[in-house]
Amino acid sequence: MYRTAFRNVWAHKGRLLMTMLAVLLGTAFVAGTLIFSDSIRQSLDDSMSGSHSRISVQITDTTADPSSRAGNNSGALSPLTESTVRRIAALPGTRSVRGTVTGFAGLSDPHGDLIGSLGNTQGANWVPSANGEDPEFPMAQGTGPTSAGTIAVDSRTARDNNFKIGNTVRVAVNGPVLQMTVTGIFTTDDPHVKAGGSLVLFDTATAQRLYLQTGRYNSIQVVAASGTSQDELRGEVLKVVPDSGNITVKTGAQLDADRAAQSRSSMSGVRNVLLAFAGIALFVGVFLISNTFTMLIAQRTRELALLRAIGATRRQITNAVLLEGLLVGITASAAGLVAGIGIGAALQGLTGSMGSQISTSTLVVSPATVLITLLTGVTVTVLAALLPGLRASRVAPVAALRSDDTPATRKSLVVRNSIGGTLAGIGLTLVLWGAGRGGSAGNLLVAAGAVGTLVGVFVLTPALSRPAIALVGPLYTRLFGISGTLARQNAVRNPRRTAATASALTVGVTLISALTVIGGSVTHAIDEQVTQNMRADYAVSALLSLPIAPTLLPAIARTPGVAAYSALDDQQLRTDGKELPVTGVDATSFDQLIAPTMVSGSTGTLQQGQILVDQDRAANNHWSVGDTVPVTYPDGSGSRLTIGGTYRNSAVLGSVLMSESVLSPHTTTPFYSTVLVKGATGATASLQQALKASTGNNPLINVRTKQQMRDHFSKQINLTLYAMYALLAMAVIIAALGVVNTLAMSILERRREIGMLRAVGLSRNAVKRMVKLESVLIASFGAMLGIAVGGFLAWACVRLLRNAMTGLTTVYPLGQFAAYVAGAALVGLLAALWPARRAARLNVLDSIKTD
């Protein structure tokens, strides 16, 4: 039997080609993802290795962590001051100490454009020792920055942009653009620079003015004296650092471990997403594999019956089919591993072309990647061949005497439909229950129901295909004559085969349709909120969530044509031991700029020193109009605030609004996330340009109209959707291969039929048309089924999201749905070109006498 299995694989290698290609593509996706993530992680580890070798202990203010690029919006000052540095320097275990200030800096090239991608350039302070040198940043040329108008840049950035000592460059943070003179070019092993970023050094006073406040630091780095261990020094430091919950004290070893964990975490999310889409592609491939083996078993019915007649047991027949699947899986998985190495290299190249240099290391092909790839491909193939193998074992020996295939029994179809109906019914019930319940429990119910619904629909597809295809039967006959009639009859002749072929496309279209509906619904809700809640003509904001510098507000106010403006000051208060995010606004101009949808109370209460709260926060805290809320301000003072009104949740408004005149006296640092502007004559191009000029034409600051704000949100959502569509493309390709394979193998089954049709006068072109129309019909059915399922599941997801986004309603883009059906029909048409040509070229006499 094993020799028979080997011979069958070799004899049907052409028919198994598409199956092997499907497994190859799926496993290549898996291998490429694992290789890419392992390689990038290794590159990150290499770039960060030794980055803390000169640091024994580091004290960090987490509220001023520059990695967030948002700065400190709690309103509290960094507790790390010059006196903290002096106290640490006086410790017996300290050899040297340096206070550091870091943040984002937008460095322009000689043409005035930003260098690298957004967020790719960091700023820091230069800390010279007694000999005038900073050991962290040794100067290769020139000297370090010593005054407010000077900077130093890293050697790679200087080389790539032809910066020379004495050049004047533009540097932007969150205020007017700075004109700085390059006084030094330095070398560094900073991991950010090693990973492809740029670094700009300021003198300490300038860095503190730009990122914090004079005399304050983001972190303090300490080097231990000889004979003092890192842990011993940490124990000493803990006794003199400020008592604050936002201060962390870690050894160099702990910092290295944190860096390694961060690099693993940063790649795990990307890898999991890519593997999820690889799993979808393999799931689609299961339909192709199972369909192929089912058709091969049907074509070899007499052969299998003969084996049974001469003594082969059912187990031997099943094992022989599984062995064929094993051989296919091993061969295709090995080829997929080789292709995955190419995919991993291509992804690294793509990463490098986007400005990162972390992809220059050697590809990492670990033994785990090889094992996972091979096991995945073999397991999927063998499991997909299991059901056809069991069916093969049930072939009766008497079937060797029959000249035709035995169709599926009515009983088997009834059992299948009963199982499918039960699963689909349970799934639909869970989805409806979860969508109505909401919350985390609702999420789980909808997720479980979605799986049940999908599986149930797949099982029911043979029963659904007959009535669906019958509906277009008259249209096919009227448009395409006898070819249309034959195409329809062929599509419904074997509903299981039609279902398996269509289901592969259904998976991809279901996901694409669901994503489209969710994305369109969120975009529509944001559009509505921007339109309804914003009366301002412009919103001035900085990129990367940086705050607008307070020094820009007078310039914006003085801009000709500005009728009213208000900065939105985002701060963190505390109430009952919990954080309370609030937004300070100009109460006098509030009604000219913002129009919240009020549920109770009035916006006029802002001028009376009261606050406005959104519905969700009020409900969660059992607040109502007239209640007073005890709060603690960032400066430590306390007060009681009266609720003057509640409004519907909005993505463009904060959860609590209050007058800036009440808030600002109790904060230490303003955090102006946005400045809203109302034009005297509305939105005009000249006013927009004047506002941009008032910021010093800072490339990090945007001046957007309401329409541009809507376009900005839409672009972000669309970019996410396009990325997911691209990842789903592999599943669609495999589904198309399934159509090709099914049609090609069905041509072999129907050689005698096609020969008879040709003998009674059907032309070659009519045969081609018949095969193409059958393929288009099956593909279109799969797409429409996917749209129906995807639209329903998207509705449930939107219902769940309504708790987080007020005004969210389900929007069905019918035009895009029509495009998806047309696209699926085109895929079916292209997939049928080769099988149709092959069918038309069959020899009439040879086909008629086929056994």
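For the structure, see preceding data.
All residue numbers here refer to positions counted from 1 along the written sequence of the relevant chain. pLDDT decides what is reported in this predicted model: residues at 70 or higher carry local features, side-chain atom pairs at 80 or more are listed and counted, and totals for whole chains, interfaces and linings draw on all residues regardless. Calculation of side-chain values draws on the structure's entire complement of heavy atoms; hydrogens and water are dropped beforehand.

**What about the overall build of the protein chain?**
Helix numbers and strand numbers start at the N terminus; a helix is a DSSP run of H or I with at least 4 residues, a strand a run of E with at least 2. Across its full length, the protein chain carries 25 helices and 22 strands. Put simply, the protein chain has 851 residues, and 50% of those count as buried. Considering only intrachain contacts with a sequence separation of at least 6, the fraction spanning at least 24 residues in the protein chain is 81%. Per-residue accessibility, obtained with a 1.4 Å probe over protein chains only, is compared with the maximum for each type, and a residue is labelled buried under 20%, exposed over 50%, and partly exposed between these values. We call two residues contacting when some pair of their heavy atoms lies within 4.5 Å.

**A short note on helix α14 (residues 495-533)**
The end-to-end C-alpha separation of α14 is 53 Å, in line with the 57 Å expected for 39 residues at 1.5 Å each. The sharpest bend along α14 reaches about 30 degrees and sits at S503. Of all 39 residues in α14, 31 are buried, a share of seventy percent or more. Take the residue count of a helix, subtract one, and multiply by 1.5 Å to get its expected span. The bend at a residue is defined as the angle formed between two axes, one fitted to the seven residues ending at that residue and one fitted to the seven starting there.

**Re the pattern of salt bridges**
Salt bridges are identified by distance alone: a Lys or Arg side-chain nitrogen within 4 Å of an Asp or Glu carboxyl oxygen. Tallied over the full model, the rule gives six salt bridges. Across the salt bridge formed by K250 and D258, the nearest N and O atoms sit 2.6 Å from each other. Judged by its relative accessible area of 29%, K250 is partly exposed.

**Regarding the pairing of strand β19 (residues 638-647)**
For a regular strand, side-chain orientation follows a simple rule: the groups alternate between the two sheet faces. The pairing of strand β16 (residues 598-601) with β19 spans three bridges and is classified as antiparallel. The residue bridging M598 from the neighbouring strand is Y647, located in β19. The sheet contact formed by strand β17 (residues 611-614) and β19 spans four bridges and is parallel. By the bridge assignment, D614 is partnered in β19 with Y647. Think of it this way: DSSP has to see at least two bridges between two strands before they count as a pair.

**A word on the packing of aromatic side chains**
Each Phe, Tyr or Trp ring, with Trp reduced to its six-membered ring, pairs with another whose centre is within 6.5 Å; inter-plane angles below 30 degrees give stacked pairs, above 60 give edge-to-face pairs, and intermediate values give tilted ones. Overall, the coordinates contain eight aromatic pairs when judged by the stated rule. Ring plane angle 75 degrees and centroid distance 5.4 Å describe the contact between Y476 and F480, whose orientation is recorded as edge-to-face. Note that Y476 and F480 are positioned in helix α13 (residues 439-493) at a spacing of four residues, about one turn of the helix. Y476 gets classed as buried once you look at its relative accessible area, which sits at 8%. Geometrically, the ring pair formed by F817 and Y820 is tilted, given 6.5 Å between the ring centres and 45 degrees between the ring planes. Of this pair, F817 and Y820 both sit in helix α23 (residues 814-831), three residues apart, roughly one helical turn. Using a relative accessible area of 10% as the deciding quantity, one classes F817 as buried. A residue is classified by how much of its surface remains accessible, and Y820, at 19% relative accessible area, is buried. These aromatic residues form a ring-pair network of at least three members: Y812, F817 and Y820.

**Overview of the sheet that holds strand β11 (residues 219-224)**
Across the sheet, four strands lie side by side as β2-β11-β1-β12; this open sheet has antiparallel pairing. Because the sheet does not close on itself, it has two edges, and the strands there are β2 (94-100) and β12 (247-251). Pairs of neighbouring strands in the sheet enclose a mean axial angle of 15 degrees, with direction left out of account. Across four bridges, strand β1 (residues 57-61) lies against β11 in antiparallel orientation. Orientation is described by lines fitted to C-alpha atoms, with helices fitted over the stretch in contact, and by angles between N-to-C directions that extend from 0 to 180 degrees.

**Brief notes about α23**
The terminal C-alpha atoms of α23 lie 26 Å apart, and with 18 residues this matches the ideal 26 Å at 1.5 Å per residue to within 8%. When we look at burial in α23, the residues that qualify are F817, Y820, A824, A825, G828 and A831. The buried residues of α23 occupy an angular sector of 135 degrees when the element is viewed end-on, so they sit on one face. Turned more than 90 degrees away from the buried face of α23 sit G815 and L830, all of them exposed. Arc, as used here, means the arc of the directions from the helix axis to the C-beta atoms.

**Examining the packing of helix α22 (residues 764-801) against α23**
Helix packing for two helices is described by the angle between their axes and how far apart those axes are. At a minimum axis distance of 7 Å, the contact between α22 and α23 shows a crossing angle of 145 degrees. Crossing geometry of α22 relative to α23 is assigned as right-handed. Seen from α22, the contacting residues are K772, S775, V776, A779, S780, A783, M784 and I787; seen from α23, they are F817, Y820, V821, A824, A825, G828 and L829. Ten residue types, Ala, Val, Leu, Ile, Met, Phe, Trp, Tyr, Cys and Pro, are classed as nonpolar, four, Asp, Glu, Lys and Arg, as charged, and the remainder, Gly among them, as polar. Here the residues of the contact of α22 with α23 sort into eleven nonpolar, three polar and one charged. Handedness of a helix crossing follows the sense of rotation of the near helix relative to the far helix, less than a right angle counterclockwise being left-handed and clockwise being right-handed.

**So, the pairing of strand β15 (residues 578-585)**
Pairing between strand β14 (residues 562-575) and β15: seven bridges, direction antiparallel. Its bridge partner lying in β15, L573 is registered against L580. In terms of strand pairing, β15 meets strand β20 (residues 656-659) through three bridges, oriented parallel. From the neighbouring strand, G584 faces β20, where its bridge partner is M658.

**Thoughts on the side chain of S694**
Position of S694 relative to the elements: it lies in helix α19 (residues 685-694). In the analysis that follows, any N or O atom pair within 3.5 Å is treated as a polar contact, provided that within protein one partner can donate a hydrogen and the other can accept it, and provided that, for residues neighboring in sequence, both atoms belong to side chains. At a separation of 2.5 Å, a polar atom in the side chain of S694 contacts the main-chain carbonyl oxygen of L691. With residues up to four places along the chain from it excluded, the contact list for S694 reads L552, A555, I556 and T559.

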